[in-house]
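# Coordinates in review
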Amino acid sequence: QVQLIESGGGLVQAGGSLRLSCVASGGTFSTIAMGWFRQAPGKEREFVSVIRWSDGFTLYTNSVKGRFTISRDSAKNRVYLQMNSLKSEDTAVYYCAASRFRFSLTQDSYDYWGQGTQVTVSS
């Protein structure tokens, strides 16, 4: 069974940076896309960013454009989220997800999910 494990979360001041990492374990699978979602207290989980595995094409939600960068290391089955200029509004649990069949912004397209890593931005 494929498992995704996130790391890199923590507490940072507004304007600071964090780099999240997600590694897939339990076997190799045909990945179309890997993405990041987040869920803030009292809010529904939302899309943050996705990267297409084949060519590295990326998409971001508007609120993080210009601040966050998603990247992947195909050989290591890893995906990263570099988060710069962090704001208090970025505080959330961040989840890594993998889609075997779709390049998508929607949660229901993703087959595997990590358990999340907490990002807290103080103002």
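Details of the structure are given in the entry above.
The notes below deal with the structure included here. Computed from a predicted structure; not experimentally measured.

The full count for this structure, using the stated rule, is five aromatic pairs. Pairing Phe37 with Phe47 gives two aromatic rings, centres 5.8 Å apart and planes at 75°, and the pair type is edge-to-face. Note that Phe37 is positioned in strand E4 (residues 33-39) and Phe47 in strand E5 (residues 46-52), a separation of ten residues in sequence. Like Phe37, the residue Phe47 is buried in the burial classification. Here the aromatic rings of Phe57 and Phe103 are separated by 5.8 Å at their centres, their planes lie at 55°, and the arrangement is tilted.

In this section: the environment of Tyr95. Within the secondary structure layout, Tyr95 lies in strand E9 (residues 92-99). Residues Tyr95 and Gly15 lie 80 residues apart in sequence; the distance between their C-alpha atoms is 21 Å. Setting aside chain neighbours within four positions, we find Tyr95 in contact with Glu6, Gly35, Trp36, Phe37, Gln39, Arg45, Trp113, Gly114, Gln115 and Gly116.

Another point: the nonpolar core. Leu4, Trp36, Phe68, Val79, Leu81, Met83 and Tyr94 are the most contacted members of the largest nonpolar core, which totals 29 residues. For Phe68, the contacting residues outside a window of four places in its chain are Arg38, Val48, Tyr60, Leu81, Gln82, Met83, Asn84, Leu86, Asp90 and Tyr94. Counting residues in hydrophobic clusters, the runner-up holds six residues, among them Ala33, Phe37, Phe47 and Val50.

Here the focus is the state of the cysteines. Chemically, a disulfide is nothing more than a covalent bond linking the sulfur atoms of two cysteines. Applying the stated criterion across every chain, the model contains one disulfide. The side chain of Cys22 participates in a disulfide bridge whose partner is Cys96; the two sulfur atoms lie 2.1 Å from each other. Here Cys22 and Cys96 share a disulfide; its torsion about the S-S bond, -80°, makes the bridge left-handed. In this pair, Cys22 is assigned in strand E3 (residues 18-25) and Cys96 in strand E9, connecting sequence segments 74 residues apart. As far as burial versus exposure is concerned, Cys22 and Cys96 are alike and both buried.

What counts and what doesn't
- Think of each chain on its own: its residues are numbered from 1, step by step along the sequence as written.
- Where totals are concerned, whole chains, interfaces and linings use all residues; where local detail is concerned, this predicted model gives features only for residues with pLDDT of at least 70, and gives and counts side-chain atom pairs only at 80 or more.
- Side-chain metrics in this entry use all non-hydrogen atoms of the structure; hydrogen atoms and water are not considered.
- Ring geometry is summarised as follows: Phe, Tyr and Trp rings, the Trp one being its six-membered ring, pair when their centres sit within 6.5 Å, and such pairs are stacked at plane angles under 30 degrees, edge-to-face over 60 and tilted between the two.
- Starting at the N terminus, helices and strands are each numbered in turn, a helix being any DSSP run of H or I of at least four residues and a strand any DSSP run of E of at least two.
- For every residue, the accessible area (1.4 Å probe, protein chains only) is compared with the maximum for its type, and the residue is labelled buried under 20%, exposed over 50%, or partly exposed between those bounds.
- We call two residues in contact when some of their heavy atoms are within 4.5 Å.
- Put simply, a nonpolar core is a bunch of buried Ala, Val, Leu, Ile, Met, Phe, Trp, Tyr and Cys residues held in one set by side-chain atoms that sit within 4.5 Å of each other.
- Defined by distance alone, a disulfide is two cysteine sulfur atoms within 2.5 Å.

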